[in-house]
Amino acid sequence: MKLDELRRQAFEANLALPAAGLINLTFGNASAIDRDAGVFAIKPSGVAYDAMRPDDMVVVDLDGKIVAGDLRPSSDTPTHRRLFLAFEAIGGVVHTHSTAATAFAQAGRPIPILGTTHADYFDGDVPVTRKMTPGEIAGQYEWDTGSVIVERLSGHDPLHMPGILVNRHAPFTWSESAARAVDTAVALECVAEMALRSLALAPDLAPIEPELLDRHFTRKHGAGAYYGQPG
């Protein structure tokens, strides 16, 4: 893939975040990876979304070296790099501070799976990481943010659980492409808001029935999926 195309993918994913109402100020970022080239493009740090151009996307290799771009990359770049290294199936990562999902993250609570909308995207509760230690916070903070995500998802297929809440922080999502990672971020905020409202109405609401979860998740994901159009 040419760098221009990679930057375009990252640029469009980043612009989609405020358009979807997931971003305030300059909080958040999106990245897209070219696996063959071993590089990814990510939003520049602190640049307003309405001021960005595709050429502003910073290209970084999987060793953390900037290979193209005149601006400083997002401060969350090491987290994206950690996730790309750990999850070979993913092609894009998104980080937001969307309100409802961040409320669950700040509370240190997973988003419970209460209905079929949630089951269409996530194969269970959206998990929350453990709190980071003082040493992790004082040291390689952004890299170790990625490490606690990887630790929490041990044993999970990252495409079956394509999002997580970082304790006291905010959500991250990912998918096969940057554009689909944005869709997952939209879905995550949606199900977080639904969970908050459902629990307000019924504080003792039980999780969705396992057979209903399985039916909704598998009709969209896996070899037997039949939702949508072929290809």
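Preceding this section is the structure that the text describes.
Conventions used here
- Residues numbered from 1 in each chain as written.
- Predicted model: local features only at pLDDT ≥ 70, side-chain atom pairs only at ≥ 80, totals over all residues.
- Heavy atoms only, no water.
- Helix = DSSP H or I, 4+ residues; strand = E, 2+ residues; numbered from the N terminus.
- Buried < 20%, exposed > 50% of the residue type's maximum accessible area, 1.4 Å probe, protein only.
- Areas by Shrake-Rupley, 256 points an atom, 1.4 Å probe, with all protein chains shown as cover.
- Lys, Arg positive; Asp, Glu negative; His and termini not counted.
- Charge placed at Lys NZ, Arg CZ, Asp CG, Glu CD.
- Expected span 1.5 Å × (residues − 1).
- Pairing = 2+ DSSP bridges.
- Salt bridge = Lys/Arg side-chain N within 4 Å of Asp/Glu carboxyl O.
- Patch = residues over 30% accessible without salt bridge, like charges linked within 9 Å, V, L, I, M, F, W, Y side chains within 5 Å.
- Phe/Tyr/Trp six-rings, centres within 6.5 Å; stacked < 30°, edge-to-face > 60°.

Regarding its fold elements, the protein presents eight helices and seven strands. Oriented by its inertia axes, the alpha-carbon framework of the protein measures out at about 50 × 45 × 35 Å. Expressed as a percentage of the 231 residues in the protein, the buried residues total 48%. Accessible surface, the protein as shown: approximately 11,300 Å² in total, 51% of it carbon and sulfur. Between the mean site of the 20 positive side-chain charges and the mean site of the 29 negative ones, the protein shows a separation of 2 Å.

Here the focus is helix α7 (residues 178-201). Look at α7: 35 Å from first C-alpha to last across 24 residues, which is about the 34 Å you get at 1.5 Å a residue. Within α7, the full set of buried residues consists of A178, A181, V182, T184, A185, A187, L188, E189, V191, A192, A195 and L199.

Across the six residues that make up strand β1 (residues 29-34), a large majority, six, are buried. Residues N29, S31 and I33 line one face of β1 and the alternating positions A30, A32 and D34 line the opposite face, and both faces are buried. The pairing of β1 with strand β5 (residues 92-95) spans four bridges and is antiparallel. Within β5, the position partnered with A32 by the bridge is G92. Bridge count for β1 against strand β2 (residues 39-42) is four bridges, and the pairing is antiparallel.

Looking now at the environment of D36. With respect to the element layout, D36 can be found in the loop between β1 and β2. Remark: the alpha-carbon pair of D36 and M1, spanning 35 residues in sequence, is separated by 8.0 Å.

The subject of this paragraph is the environment of P210. With respect to the helices and strands, the residue P210 is situated in helix α8 (residues 210-218). On the basis of relative accessible area, P210 is assigned to the exposed category, the value being 56%. Placed 150 residues apart in sequence, P210 and V60 show a C-alpha to C-alpha distance of 41 Å.

With that settled, consider the pattern of salt bridges. This structure, assessed with the given rule, holds seven salt bridges. For E12, the salt bridge goes to R8, with nearest N and O atoms at 2.7 Å. Taken as a pair, E12 and R8 lie in helix α1 (residues 3-19) at a separation of four residues, close to a single helical turn. The exposure class of E12 is partly exposed, given its relative accessible area of 44%. Among the residues examined, R8 registers a relative accessible area of 31% and is labelled partly exposed. Where R130 meets E151, a salt bridge forms, and the shortest distance between an N and an O atom there is 2.7 Å. Of the two residues, R130 is situated in the loop between α4 (116-119) and α5 (134-138) and E151 in helix α6 (residues 141-152); the sequence distance between them amounts to 21 residues. Residues joined in a network through salt bridges with shared partners are E5, R8 and E12.

In summary, the side chains of a regular strand alternate between the two faces of the sheet. Here strand β3 (residues 58-61) shows no split at all, with V58 and V60 on one side and V59 and D61 on the other all buried. Sheet topology note: the β2/β3 ladder contains four bridges and is antiparallel. Bridging from a neighbouring strand, I42 pairs with V58 of β3.

This part is about a negative patch on the surface. On the surface, D123, D157, E209, E211 and D214 cluster together into a negatively charged patch. By secondary structure assignment, the location of D123 is in the loop between α4 and α5. Owing to a relative accessible area of 35%, D123 belongs among the partly exposed residues under this scheme.

For any pair of aromatic rings, the description rests on two quantities: the centre-to-centre distance and the angle between the ring planes. Under the criterion given, the structure shown has two aromatic pairs. Seen from their ring centres, F40 and F84 are 5.2 Å apart, and the 50° between their planes marks the pair as tilted. Within this pair, whereas F40 is found in strand β2, its partner F84 is found in helix α2 (residues 77-86), the two being separated by 44 residues in sequence. With respect to class, F40 is no different from F84; both count as buried.

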